[in-house]
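Architecture at a glance
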Amino acid sequence: QVHLVESGGRLVQAGGSLRLSCAASGRTFSYSMGWFRQVSGKEREFVASITWNGGSTYYVDSVKGRFTISRDNAENTVYLQMNSLKPEDTAVYYCAAKPYTGGYHYTHPGNYDYWGQGTQVTVSS
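Predicted model, so just to flag it, every value in this text is computed and none were measured.

**Concerning the overall build of the chain**
Of regular secondary structure, the chain possesses zero helices and 11 strands. Written out in order from the N terminus, the α and β elements of the chain read β-β-β-β-β-β-β-β-β-β-β. Computed over C-alpha atoms, the radius of gyration of the chain comes to 13 Å, within 12% of the 14 Å expected from 2.2 N^0.38 for 125 residues, which places it in the range of a compact globule. Each principal axis of the C-alpha distribution contributes one length, and for the chain these read about 40 × 30 × 25 Å. The buried share of the chain, reckoned over its 125 residues, is 45%. In the form shown here, the chain has an accessible surface area of approximately 6,200 Å², with 46% of it arising from carbon and sulfur atoms. Between the centroid of the 11 positive side chains of the chain and the centroid of its 9 negative side chains there is a distance of 2 Å.

Here it is, written out as structure tokens:
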């Protein structure tokens, strides 16, 4: 069982930066990790994922070049560095975990087994 807790979301002006953190209660060394976001009334959207060893990352086109996903397996923590934020990045951001040690990047929410409670990111124009 893995328990995930996100933090770092807040109100920020357009063009600003935020770093989200996702702390895991159990060892997630052998887990693929992902970040998703959701706006009220819309489906949960894939943002980024990272393989179990941090060797590969994958991003949705709308955040490429602006967001960076990383992980520290010693600290059981995954990060999402968000730069050049835009109002359309406003959403609740969720961290997700999937026990998987392969190199494929899963982008559908249904592929992930564990979820955090989410953290609100609001970007003002």
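Here the narrative resumes, following the displayed structure.
**Points about unusual backbone geometry**
A positive phi angle, near 50°, is found at asparagine 76, a position not held by glycine. Note that asparagine 76 resides in the loop between β7 (67–72) and β8 (77–82). For asparagine 76, a relative accessible area of 15% gives the class buried.

Parameters and conventions
Residues numbered from 1 in each chain as written. Predicted model: local features only at pLDDT ≥ 70, side-chain atom pairs only at ≥ 80, totals over all residues. Heavy atoms only, no water. Helix = DSSP H or I, 4+ residues; strand = E, 2+ residues; numbered from the N terminus. Rg over C-alpha atoms; globule rule 2.2 N^0.38 Å. Buried < 20%, exposed > 50% of the residue type's maximum accessible area, 1.4 Å probe, protein only. Areas by Shrake-Rupley, 256 points an atom, 1.4 Å probe, with all protein chains shown as cover. Lys, Arg positive; Asp, Glu negative; His and termini not counted. Charge placed at Lys NZ, Arg CZ, Asp CG, Glu CD.

Read these as spatial facts, not as claims about activity.
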